[in-house]
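What follows is each chain in one-letter form.
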Amino acid sequence: MFWSLAIFAYLLGSLSFAILLSRLTGNPDPRMSGSGNAGATNMLRLAGKKLAILTLLGDVCKGLLPVLIAHFAGLTLQQQAWVGVCAVLGHLFPLYFRFRGGKGVATAAGMLLGIYPPAALLAALAWLLTFYLTRTSSLAALIATPLTLPLLAWQEPAALLPMSVLTLLIVWRHRGNLRDLFAGRERHF
């Protein structure tokens, strides 16, 4: 059951709502415009609030749904978390879009919501506060994601290893943003 759900999660994660919504509405491919990222933040820049919100909801749901299915299938918490990681891997490297996807933050938030909602709430609050203070989405993600690790270590240690791997993946996907942040060139809203 675990491997079937892991494959399902990857395939579901490979559905890029940013790319699909852009195609449906005649907007430019988000991988070719703006920041080049297939995610909600770039959709906000390219297509406006409505499509950005739809992208965000789709990306969160594709992280949440496989975790909930794994939970109801009786998988352990750690297995549920690995299934969630597979959904994020699908978002990062989507099979249907030549393995060029987004940065995984919203899909990881959906995974966290399914694994341990207080960690998702902590991440959301940290993201919102950082974004409010800096107007920089990438910095908000780079602060919010690792901030969940101590809480998980304390409350849900079985999810710590998968979430640590996921945190490293998200930081790695933001490596260009990190360079721009240090150089003072990062995009702000």
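Residues numbered from 1 in each chain as written. Predicted model: local features only at pLDDT ≥ 70, side-chain atom pairs only at ≥ 80, totals over all residues. Heavy atoms only, no water.

In the nomenclature of an unreviewed UniProt entry, the protein corresponds to Glycerol-3-phosphate acyltransferase from the organism Pseudomonas extremaustralis. Word for word, the UniProt comment on the protein under Sequence similarities (unreviewed entry) is "Belongs to the PlsY family." In its Catalytic activity (unreviewed entry) section, the UniProt entry covering the protein states "an acyl phosphate + sn-glycerol 3-phosphate = a 1-acyl-sn-glycero-3-phosphate + phosphate". (UniProt positions renumbered as here; feature names shortened; annotations may be inferred.)

Chemist: In this structure, what is going on with unusual backbone geometry? I would like to understand it.
Modeler: Trans is the common state for peptide bonds, and a negative phi is the common state for residues other than glycine. Even without being a glycine, Phe99 presents a positive backbone phi close to 60°. Inspection of the secondary structure puts Phe99 in the loop between helix H5 (77-92) and helix H6 (105-115). Looking at Phe99, the relative accessible area reads 44%, which means it is partly exposed. Here Arg135, not a glycine, exhibits a phi torsion of approximately 60°, which is positive. As for its placement among the helices and strands, Arg135 is situated in the loop between helix H7 (117-134) and helix H8 (137-155). (Helix = DSSP H or I, 4+ residues; strand = E, 2+ residues; numbered from the N terminus. Buried < 20%, exposed > 50% of the residue type's maximum accessible area, 1.4 Å probe, protein only.)

Chemist: Help me out: how do you make sense of the side chain of Arg31 in this one?
Modeler: Mapping Arg31 onto the fold places it in the loop between helix H2 (17-25) and helix H3 (40-47). Looking at Arg31, the relative accessible area reads 10%, which means it is buried. Of note is the side chain of Arg31, whose polar atom sits 3.0 Å from the backbone oxygen of Phe97. Not counting the four nearest positions on each side in its chain, Arg31 is found in contact with Ile19, Arg23, Gly36, Ala38, Phe97 and Arg100. (Polar contact = N/O pair within 3.5 Å; in protein donor to acceptor, adjacent residues only side chain to side chain. Contact = heavy atoms within 4.5 Å.)

Chemist: Can you help me understand the UniProt feature "transmembrane region" (unreviewed entry) in the protein in this one?
Modeler: Residues given the UniProt feature "transmembrane region" (unreviewed entry) here are residues 6-24, 51-73, 79-97, 109-132 and 152-172. With 96% helix and 0% strand, residues 51-73 has end C-alpha atoms that lie 33 Å from one another. The span residues 109-132 shows a helical share of 96% and a strand share of 0%, and its end C-alpha atoms are spaced 18 Å apart.

Chemist: Would you mind going over the state of the cysteines with me for this structure?
Modeler: Put plainly, a disulfide is one covalent bond tying together the sulfur atoms of two cysteines. Summed over all chains, the structure comprises zero disulfides. With no disulfide of its own, Cys61 has Cys86 as its nearest cysteine by sulfur position, at a separation of 18 Å. Look at Cys61 and you get partly exposed, because its relative accessible area is 45%. (Disulfide = S-S within 2.5 Å.)

Chemist: What is the right way to read the packing of helix H9 (residues 160-173) against helix H10 (residues 175-183) from this model?
Modeler: How two helices sit against one another is set out by the angle between their axes and by the gap between those axes. H10 packs onto H9 with a crossing angle of 60° between their chain directions and a minimal axis gap of 4 Å. Comparing the axis directions of H9 and H10 gives the class oblique. The segment H9 lies against H10, with Val171, Trp172 and Arg173 engaging Arg175, Asn177 and Leu178. The residue makeup of the contact of H9 with H10, split by class, is three nonpolar, one polar and two charged. (Axes fitted to C-alpha atoms, helices over the stretch in contact; angles between N-to-C directions. Parallel < 35°, antiparallel > 145°, perpendicular 65-115°, else oblique. Nonpolar A, V, L, I, M, F, W, Y, C, P; charged D, E, K, R; others polar.)

Chemist: Looking at this structure, I do not really get the packing of aromatic side chains. What am I missing?
Modeler: Given two aromatic rings, their pairing is described by the distance between the two centres and the angle made by the two planes. Under the counting rule described, the total for this entry stands at four aromatic pairs. Ring centres 5.0 Å apart and planes at 75° place the aromatic pair Phe2 and Trp3 in the edge-to-face group. Ring pairs connect the aromatic residues Trp127, Phe131 and Phe189, which therefore count as one cluster. Looking at Arg173, its charged tip hangs above the ring of Phe93, at a distance of 5.3 Å from the centre. Above the plane of the ring of Trp172 lies Arg175, whose end atom (NZ or CZ) is 4.1 Å from the centre. (Phe/Tyr/Trp six-rings, centres within 6.5 Å; stacked < 30°, edge-to-face > 60°. Lys NZ or Arg CZ within 6 Å of the ring centre and 35° of its normal.)

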